[in-house]
Amino acid sequence: MKIQDIVQIVMFLCILIAMTPVLGSYMYKVFNGNRHFMLPVFGWLEKLTYKSTGVNPEEETNWKSYTFSLLTFNLIGFVFVFLIQLFQAQLPLNPVNLPNVSWHSAFNTSVSFMTNTNWQGYAGETTLSCFVQMIGLTVQNFVSAATGIAVLLALIRGLSRKTTEKLGNFWTDLTRSTLYILLPLSILFAIILVSQGVVQNFKSSETVQTLQGAKQVIPMGPAASQIAIKQLGTNGGGYFNANSAHPLENPTPLSNLLEMLAILLIPAALTFTYGKMVGSNRQGRTIFLAMLLLFITGLSVSLFAEYSTNPIFGNLPLMEGKETRLGITNSILWSVSTSSASNGSVNAMHDSLSPIAGMIAMINIMLGEIIFGGVGAGLYGMVIFIIITVFIAGLMVGRTPEYLGKKIEAFEVQMAIIAVLAPNVVIQIFSALASISNAGLSSLNNAGPHGFSEILYAYSSAAGNNGSAFAGLNANTLFYNLTLGFGMLIGRFGVIIPVLAIAGNMAKKKITPLSAGTFRTDNWLFIGLLIAVILIIGGLTHFPALALGPVIDHLLINRGITF
Amino acid sequence: MKTIIISLKVFLFFTILTGIIYPLFVTGVAQVVFPAKANGSLIEFDDRSIGSKFIGQQFDSTIFFTSRPSAISYNPLPSGGSNYGLTNAKLKNLVTERKIRFIAFNRLDSLTDVPSEMLFASASGLDPHISQKSALLQVDRVAKAHKFNTIQKQELIQSVKKLTEPPQFSFLGEERVNVLIMNLELYKMDQNFTNHK
């Protein structure tokens, strides 16, 4: 590593830390209904939304209606994206006459975009028309991220309100998140991306004759507008197959820095918003610090692994699946960010990372996507871990566990355990299934333990709603499209429903005032406990599987063994 | 039932707003403010576009600087890398072969350290860049193919250095040379270029 590499990392972290309170306090104003500077710009649009759809913004609902609205809205999105893929050949804006998508691929893709996963079993430039990418996928990029924020807001209200059934209004949460946060940031970001060379037009492609006389078809399309939201909304689904490694999707080191920041920007800032909304900035800061510590630890291990030498390639820098303009440091920084944040976009091929760097990405996903995590999803996932930590700490000292003055009782702990188990069950059971079936094994691109890593990564990515892949795996098969599709559904709604149930139950409770006997959840001791609980749960669940994949892969590489 | 109707209406509203108006608005602004970049940064040469500044091309002839290995042979439909793991025997063999080929093609000493980006395939398969060192290692061979004299060869070395892009703002990303632009420079330096074809 050079000094310049360290400078880039430090600067990345500094900008992230500096932006957190700025965006965080703006989002607080938006969600709290205070005056903010976007109100004169888009306020009329919010009113228009309610007027044209018949939503009463004043009406608040209990957790069951909130959940029902959320599920109905998501279901409609799923059905729509599913249908337009099945009939894309008959629909407009399909200049190169791409054929209709197979039903299982269409199922997988529509689940994937609805659940904020953006797992892509298909190749963008050769499968989906402009129409599907815009009207189908870009819309889901916005609303799936807004859905994540809505769940978080309901949970925060559950924690901060007392003796009520009301958790807020799903439609206003969805609308405000989209209009005041995602949309303005995306417009600004998309235009900056075009200034760096990302394409934004409505052509299908440009055919050129290369200098050497060959024909080259360069795909075009409204890429910048989709890339902006796929980064900001922790979606991750690229316009082109190579995602943000594609030079027209991520042309310069500056576009790369901004795209990386966009991955973590909103999830990090939401910790600040959280602190303000629950009435204690320290609570938000505690969560931010726990996330940051886990992030920096993963990053350090990953960088160390990628810059290490091995007997197979000696001291050659490991440039397989990496771009010259970005180099190794930026590829690793991205891989750690995208896996922490449930984003899933890539600027280097994770399949070709050194085994330990690949494992860090996998662990970040397996821990439950709570290191910053998905927009909204990361923070509500973290609160689940906080509930478990408070519960365990309560057991240790023999005191009724409390969080933010609310008693944590059997119901909350049961729901929290379901939310933690749901994705983990998907990872373990589906990976095992794929490893012993022909349908699972015939899709592998690599032999030996690395082949198993491809499977394990795929189901982790689906269950964690991440979307990145060890992309050698040919996932566009009936078996993978269906199992990964169901994995994504369980990983998303198996967490969202318990979280909303907790929110509903917590809202009913009284708030006990802080006393000398209160177990503090805003100090370094708690940060340590929280990190320990996260690592123990994640570690105990997944270490055996990791040992069979990346760990053996690492040991073999150090003995120079290939397959 | 009321929820379902509201869901449909809200979905329709956001589909129009974020699926149609948003991309159209961004396209409008982009086409007015950055027309060349929004359309792929195409390079015009001899009155036709010969490629995009950002999309690498395959170069096999001795008269050109060569690009990085590509898992898709620089055919962008679709883009992608090899996705070989480091313990994949195919990758190990490819790296050995590419090293032998690069050394033989450029008539280099067999002990030359070939920069790693010339041995490993890129992530997109369309990487337009190589390192300055990789470009300089090719200068002798290219100069010979163009029958350059010593002065012209020195000029070629100078233009490699001139066309080397430093890290952005001097610290972001890596130093690099755009192979297509470097090869276009050869046309300026060699008036009889077309005769070599």
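For every chain, the first residue of the written sequence is number 1, and numbering continues from 1 along that sequence. The lettering of chains begins at A and the numbering of ligands begins at 1, in the order of writing. Selection of residues for local features in this predicted model requires a pLDDT of at least 70, selection of side-chain atom pairs for listing and counting requires 80 or more, and totals for whole chains, interfaces and linings are taken over all residues. With hydrogens and water excluded, all non-hydrogen atoms of the structure serve as input to the side-chain values.

**Quick word on the overall build of chain B**
Then comes step 1: Starting at the N terminus, helices and strands are each numbered in turn, a helix being any DSSP run of H or I of at least four residues and a strand any DSSP run of E of at least two. On a plain count of helices and strands, chain B comes out with seven helices and five strands.
Then comes step 2: Taken from the N to the C terminus, the helices and strands of chain B come in the order α-α-β-β-α-β-α-α-β-β-α-α.
Then comes step 3: The C-alpha radius of gyration computed for chain B amounts to 22 Å, which surpasses the reference 16 Å derived for 197 residues by more than 25%, pointing to a less compact arrangement than a globule.
Then comes step 4: If one aligns the C-alpha atoms of chain B with their principal axes, the spans along those axes are about 80 × 45 × 35 Å.
Then comes step 5: Looking at chain B as a whole, 57% of its 197 residues qualify as buried.
Then comes step 6: Residue contacts are defined here by distance: any two heavy atoms, one from each residue, within 4.5 Å place the two residues in contact. Restricting the contact set of chain B to residue pairs at least 6 apart, pairs at least 24 apart contribute 60%. Each radius of gyration reported is based on C-alpha atoms, and the globular scaling rule is 2.2 Å times the count of residues to the power 0.38. In this scheme, a residue with accessible area under 20% of its type's maximum is buried, one over 50% is exposed, and one in between is partly exposed, where area comes from a 1.4 Å probe on protein chains only.

**Concerning the domain arrangement of chain A**
Residue and element names in this part refer to chain A.
Then comes step 1: With domains assigned, chain A is organised as domain 1 (20–279) and domain 2 (376–557).
Then comes step 2: Distance between the C-alpha centres of domain 1 and domain 2: 24 Å.
Then comes step 3: Tallying the contact residues gives 44 residues for domain 1 and 44 residues for domain 2.
Then comes step 4: Using a 1.4 Å probe, buried area is obtained as the accessible area two parts lose upon being combined, added over both of them. When domain 1 packs against domain 2, the two sides together hide about 3600 Å² of surface, and 74% of this comes from carbon and sulfur.
Then comes step 5: Area buried by domain 1 at its contact with domain 2 is led by Trp-119, Leu-155 and Leu-159, which between them contribute 20% of it.
Then comes step 6: Each salt bridge in this description consists of a side-chain nitrogen of Lys or Arg and a carboxyl oxygen of Asp or Glu lying within 4 Å of one another. Along the contact surface separating domain 1 from domain 2 lie zero salt bridges. As used throughout, domain bounds are those supplied by an automatic or database domain assignment.

**Considering the interface of chain B and chain A**
Then comes step 1: Between chain B and chain A, the residue contacts involve 95 residues of the former and 111 residues of the latter.
Then comes step 2: Between chain B and chain A the total buried area reaches about 8400 Å² when both faces are included, carbon and sulfur atoms providing 67% of it.
Then comes step 3: The three residues of chain B that bury the most area against chain A are Tyr-22, Leu-86 and Thr-87 of chain B, which together make up 10% of that side's buried surface.
Then comes step 4: In this structure, the connection of chain B to chain A is made through one salt bridge.
Then comes step 5: The residue Lys-2 of chain A makes a salt bridge to Glu-174 of chain B at a minimum N-O spacing of 3.2 Å.
Then comes step 6: Here a polar contact is recorded for every N or O atom pair within 3.5 Å, except that within protein the pair must consist of a potential hydrogen donor and a potential acceptor, and residues adjacent in sequence are included only if both atoms are side-chain atoms. Across the contact surface, chain B and chain A share 46 residue pairs in polar contact (both at pLDDT 80 or more).
Then comes step 7: If you list the elements that add at least two residues to the side of chain B that touches chain A, you get α1 (2–33), α2 (35–38), β2 (48–52), α3 (89–105), β3 (129–130) and α6 (179–189) of chain B.
Then comes step 8: When residues of the side of chain B that touches chain A are assigned to their parent elements, the largest contribution, 25 residues, is made by α1 of chain B.
Then comes step 9: For the side of chain B that touches chain A, the residue count by class is 48 nonpolar, 34 polar and 13 charged. Gly falls in the polar group here, along with every residue not listed as nonpolar (Ala, Val, Leu, Ile, Met, Phe, Trp, Tyr, Cys, Pro) or charged (Asp, Glu, Lys, Arg).

**Observations regarding the domain arrangement of chain B**
Frequently, the measure chosen for interface size is the accessible area that the parts lose on association.
Then comes step 1: Along its sequence, chain B is carved into domain 1 (1–39) and domain 2 (42–196).
Then comes step 2: Computed over C-alpha atoms, the centres of domain 1 of chain B and domain 2 of chain B are 40 Å apart.

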